[in-house]
Amino acid sequence: MRFFRIVGRSIRDAFKSVGRNFSLSLASISCIIVTLVIVALSIVITYNVDNFTSELKKDLTIVAFVSNEADKADVDKLKTDIQEISNVEKVTFKSKSDIKDEMMKEDEAFENVMKQWDEEENPLQNTYLIKVKDIEKISETATAINNLSAIDTVKYGEGMVDQLVTVFKTAQKVSIVAVIALVLMTMFLIVNTIKLTIFSRKREISIMRLVGASNFAIKIPFVVEGMILGFLGSLVPVGLLIYGYKSLYNYFGGRLFTDIIKLVKPEPFIYYAAGIVVVIGIIVGMIGSGRAVRKYLKV
Amino acid sequence: MEFIRFNNVTKQYKNGVVAIYDLNLSIEKGDFCFIIGGSGSGKSTLIKMLYREEKPTRGEIIIGGLKVNKLRNANVYKLRRKLGIVFQDYRLLPKSNVYENVAFALEAIGAKKKEIRPKVLKALELVGLKSKLRDYPDNLSGGEQQRVAIARAIVNEPKLLICDEPTGNLDPVMSMEIVDLLEEINKKEGTTVVMVTHDKVIVDKKKKHVIALKEGHLYKDYKEGEYIDEIL
Ligand SMILES: Nc1ncnc2c1ncn2[C@@H]1O[C@H](COP(=O)(O)OP(=O)(O)OP(=O)(O)O)[C@@H](O)[C@H]1O
Ligand SMILES: [Mg+2]
């Protein structure tokens, strides 16, 4: 119970001291805000990229057209050749007569022309449909398949898909670097804010020590102060995240530029993301103040 | 009954200065003891070792059965809770009033809220400041400020009250009042008092146990009433 009394008083003191060192507190909080906005952005990007790449993965198929000069043995051998390419997950064969049948079903005009073709005359090509494990490497895989001698041409998805993925992955990497740099800067600011509080309360601390306050009781107000800074700094990013993402989602109607990129539904996603942002803010504040306490409070 | 014991205590500071040489002494429970000696004779060092601000380089210090020299840093607070400490410069919080200054000592150790008020009022009554609860230190005389400091030191009912020149900043009349107050606490509460002082008039008049230091050595240990003014 002594524990709770000490923590309770620490929270009260910490709020007072955030107010007392207002300008430096504000600097720390602003820095936390910037950091967390970028954290929130990268959560949104990462989650969406993960989401749509796995969606794409389900649909995206490489179509390999087999040369009509290849004989039956060549065609069969192709299947194992393709399967041996590392990124290949699944290979299915679709013969040209299958394709003919499908097309005839789809359109009467086709049907009239095509029904006269026999197997020899059929100008369509046998195909292999290939699913890949990692769609980021889909273009390499497609090239590898294209290099097989019995393959004429290779097609996959819309040409821009892999570029799009690369763009998003780059954005993600950049934001991670930015977050790390900003977290370091934020910690530096928090350390200095707390240092100032420690100095302004030197006398109080020395009296606390004299009358027998435990090290925990002496340190905890400063750590709580750091956590409060982190928490206050997370409010703006959380607001931006929740309202920003909702309006973005509604504005674009749940998709980005093209139907290929479906956005993650705002609920409950944004609430989890908001939770993560708040927790990161508090942890950054706690670690920053913990460092300051260790450095400037030798107890 | 013996309460404080120094066994062959030597204190050498990091810069090489030896402040206390091979000191042996004993203070009884409920004793009122003056520590005297010239400037630099090691009085403050002796006191600092009592409340474990400094650690002896060699030897043993025992307070109420507790080996203070063996105490780990993280546990020093347990010793401090059983002590009251008063300094020459009062060390009050300027932005807190009299009541808050005394209550601070209890809050800092996580005392119960409903325990704090009666204890603070009792301590302030004992030092005669019950009428000045809401005053700030700046508006008090030196003697009154020292009374606040004493109230803060005794609010947690310590077994031992340690004072380093508590009258150093006060005129002779106020000084005597403060020592009278310490004597009253010693008698009423049974608190053992160890007081460092330069003031020969006080030591002469009070006829207490007196420990005289000279250049870090024990010069003489006068039993109660034995003290005679010698040039140290
Ligand atoms: N922290 C320290 N580091 C190094 N030397 C110290 C330290 N504190 C005290 N000393 C030295 O130890 C010796 C004893 O000092 P101490 O403060 O105990 O004397 P004192 O009897 O209290 O003197 P005064 O009457 O002036 O207060 C002095 O020579 C002093 O310079
Ligand atoms: Mg001294």
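Residues numbered from 1 in each chain as written. Chains lettered and ligands numbered in written order. Predicted model: local features only at pLDDT ≥ 70, side-chain atom pairs only at ≥ 80, totals over all residues. Heavy atoms only, no water.

**As for helix H6 (residues 172–189) of chain B**
Residues and elements named next belong to chain B.
Step number 1: Taking 1.5 Å per residue, 18 residues should reach 26 Å; H6 reaches 25 Å between its end C-alpha atoms and fits that length.
Step number 2: Considered for burial, the residues of H6 that qualify are Ser175, Met176, Ile178, Val179, Leu181, Leu182, Glu183, Ile185 and Asn186.
Step number 3: For H6, the secondary structure elements touched by its buried residues are strand E3 (32–37), helix H4 (113–126), helix H5 (142–154), strand E7 (160–164), strand E8 (192–196) and helix H7 (200–206).
Step number 4: Where H6 terminates, the next one or two residues include Gly190, which has phi positive at roughly 75°. (Helix = DSSP H or I, 4+ residues; strand = E, 2+ residues; numbered from the N terminus. Expected span 1.5 Å × (residues − 1). Buried < 20%, exposed > 50% of the residue type's maximum accessible area, 1.4 Å probe, protein only. Contact = heavy atoms within 4.5 Å.)

**Quick notes on the interface of chain A and chain B**
Step number 1: The interface is formed by 17 residues belonging to chain A together with 23 residues belonging to chain B.
Step number 2: When chain A packs against chain B, the two sides together hide about 1,800 Å² of surface, and 57% of this comes from carbon and sulfur.
Step number 3: Area buried by chain A at its contact with chain B is led by A:Arg9, A:Leu210 and A:Val211, which between them contribute 33% of it.
Step number 4: Connecting chain A to chain B are five residue pairs in polar contact (both at pLDDT 80 or more).
Step number 5: Elements with a contribution of two residues or more to the side of chain A that touches chain B: helix H1 (2–20), helix H8 (202–211) and helix H9 (215–252) of chain A.
Step number 6: Looking at the side of chain A that touches chain B, its residues break down into seven nonpolar, three polar and seven charged. (Buried area = accessible area lost by both parts, 1.4 Å probe. Polar contact = N/O pair within 3.5 Å; in protein donor to acceptor, adjacent residues only side chain to side chain. Nonpolar A, V, L, I, M, F, W, Y, C, P; charged D, E, K, R; others polar.)

**A word on the sheet that holds strand E2 (residues 88–94) of chain A**
All names here are of chain A.
Step number 1: Strand order in the open sheet formed by four strands is E2-E3-E1-E4, and the pairing between neighbours is antiparallel. In this open sheet, the two strands that pair with only one neighbour each are E2 and strand E4 (151–156). Sheet twist, expressed as the average angle between the axes of neighbouring strands with direction ignored, equals 20°.
Step number 2: In the sheet, E2 pairs with strand E3 (residues 127–132) via six bridges, with the strands oriented antiparallel. (Pairing = 2+ DSSP bridges. Axes fitted to C-alpha atoms, helices over the stretch in contact; angles between N-to-C directions.)

**Some details on the nonpolar core**
Step number 1: The biggest cluster of nonpolar side chains holds 126 residues, and the ones touching the most others in it are A:Tyr128, A:Ile130, A:Ile145, B:Phe34, B:Val120 and B:Leu124.
Step number 2: Top element by residues in this core is H9(A). It accounts for 13 residues.
Step number 3: Two domains each donate at least three residues to this core, and these are domain 1 (2–56 + 162–296) and domain 2 (61–155) of chain A.
Step number 4: Those residues in contact with B:Leu124 that lie beyond four places of it in its chain are B:Val98, B:Tyr99, B:Val102, B:Leu129, B:Lys130, B:Leu133 and B:Ala151. (Core = buried A, V, L, I, M, F, W, Y, C linked by side-chain atoms within 4.5 Å. Domains from an automatic or database assignment.)

**Some details on the sheet that holds strand E1 (residues 2–12) of chain B**
Residue and element names in this part refer to chain B.
Step number 1: One open sheet accounts for four strands, arranged E2-E1-E4-E5; its pairing is antiparallel. The open sheet has two edge strands, strand E2 (18–28) and strand E5 (66–67), and neither has a second partner.
Step number 2: In this structure, E1 lies alongside E2, joined through seven bridges in antiparallel fashion. Residue pairing across strands places Val9 opposite Leu23, the latter belonging to E2.
Step number 3: Against the sheet, helix H1 (residues 43–50) contacts E1, E2 and strand E4 (58–63), and its axis sits at roughly 120° relative to E1.

**Here we look at empty space enclosed by the protein**
Step number 1: Evaluated as defined, the whole model comprises one cavity of 30 Å³ or more.
Step number 2: If you add up the space inside the largest cavity, you get close to 120 Å³.
Step number 3: Lining the largest cavity we find 13 residues, and of these A:Leu210, A:Val211, B:Leu83, B:Arg152 and B:Ala153 sit closest to its centre.
Step number 4: Within the residue set of the lining of the largest cavity, elements represented by two or more residues are H8 of chain A together with strand E6 (83–87) and H5 of chain B.
Step number 5: Tallying contributions element by element places E6(B) first for the lining of the largest cavity, with three residues.
Step number 6: Partitioning the lining of the largest cavity into residue classes produces eight nonpolar, two polar and three charged. (1 Å grid on protein atoms, 1.4 Å probe; cavity = no way out; pocket = protein on both sides within 12 Å on 5 of 7 lines; lining within 4 Å. Points joined across faces, edges and corners; volume = space filled by probe spheres on them.)

**Here's the deal with the domain arrangement of chain A**
Step number 1: Split into domains, chain A comes out as domain 1 (2–56 + 162–296) and domain 2 (61–155).
Step number 2: On a C-alpha basis, the centres of domain 1 of chain A and domain 2 of chain A stand 52 Å from each other.

**Looking at a negative patch on the surface**
All names here are of chain A.
Step number 1: A grouping of Glu106, Asp107, Glu108 and Glu111 is seen on the molecular surface, where their side chains present a negatively charged patch.
Step number 2: The topology assignment puts Glu108 in helix H5 (residues 108–114).
Step number 3: On the accessibility criterion, Glu108 (64% relative accessible area) is exposed. (Patch = residues over 30% accessible without salt bridge, like charges linked within 9 Å, V, L, I, M, F, W, Y side chains within 5 Å. Areas by Shrake-Rupley, 256 points an atom, 1.4 Å probe, with all protein chains shown as cover. Salt bridge = Lys/Arg side-chain N within 4 Å of Asp/Glu carboxyl O. Lys, Arg positive; Asp, Glu negative; His and termini not counted. Charge placed at Lys NZ, Arg CZ, Asp CG, Glu CD.)

**Re the site of ligand 1**
All names here are of chain B.
Step number 1: The environment of ligand 1 is made up of 14 residues, and the closest members are Ser39, Gly40, Lys43, Ser44 and Thr45.
Step number 2: With respect to ligand 1, the side chain of Thr45 contributes an N or O atom lying 2.5 Å from an oxygen atom.
Step number 3: Compared with its free state, where it exposes 630 Å², ligand 1 has 64% of that area covered by protein.
Step number 4: If one sorts the elements of the shell around ligand 1 by residue count, H1 sits on top with three residues. (Near = heavy atom within 4 Å.)

**Thoughts on the pairing of E3(A)**
Step number 1: By the bridge criterion, four bridges tie strand E1 (residues 62–66) of chain A to E3(A) in an arrangement that is antiparallel. Paired with A:Phe65 across the two strands is A:Thr127, which belongs to E3(A).

**Thoughts on the state of the cysteines**
Residue and element names in this part refer to chain B.
Step number 1: For the structure shown, the criterion picks out zero disulfides over all chains.
Step number 2: Looking at the unpaired Cys33, the closest cysteine sulfur is the one in Cys163, lying at 11 Å.
Step number 3: We classify Cys163 as buried; its relative accessible area is 0%. (Disulfide = S-S within 2.5 Å.)

**Side note on the packing of aromatic side chains**
Step number 1: In this structure the tally under the stated criterion is ten aromatic pairs over all chains.
Step number 2: A ring pair is formed by A:Phe3 and A:Phe4, whose centres lie 5.3 Å apart and whose planes are at 85°; its orientation type is edge-to-face.
Step number 3: Judged by relative accessible area, A:Phe4 falls into the exposed class, the value being 55%.
Step number 4: Between B:Tyr222 and B:Tyr227 the ring centres are 5.1 Å apart and the planes differ by 80°, which places this aromatic pair in the edge-to-face class. Take B:Tyr222 and B:Tyr227: they sit in the same class, and that class is buried.
Step number 5: Joined through ring pairs, the aromatic side chains of A:Tyr47, A:Tyr245, A:Tyr249 and A:Phe269 make up one cluster.
Step number 6: It is B:Arg91 that lies over the ring of B:Phe87; its NZ or CZ is 3.6 Å from the centre.
Step number 7: Lying over the aromatic face of B:Tyr99, B:Arg134 brings its terminal NZ or CZ to 5.7 Å of the ring centre. (Phe/Tyr/Trp six-rings, centres within 6.5 Å; stacked < 30°, edge-to-face > 60°. Lys NZ or Arg CZ within 6 Å of the ring centre and 35° of its normal.)

**A word on the confidence of the model for chain B**
Step number 1: Per-residue pLDDT for chain B has a mean of 94; in total, 99% of the residues score no lower than 70.
Step number 2: Model confidence for the complex: the whole-complex pTM is 0.74, and ipTM, which rates the interface, is 0.90. (pLDDT = per-residue confidence, 0-100.)

**Observations regarding the pattern of salt bridges**
All names here are of chain B.
Step number 1: Counting across every chain of the model gives 21 salt bridges over all chains.
Step number 2: Notably, a salt bridge pairs Lys132 with Glu144, separated by 3.0 Å at the nearest N-O pair. With Lys132 in the loop between H4 and H5 and Glu144 in helix H5, the pair connects residues that are twelve residues apart, well separated along the chain.
Step number 3: Here the salt bridges do not stand alone but share partners, grouping Asp180, Glu183, Lys187, Lys206 and Lys208 into one network.

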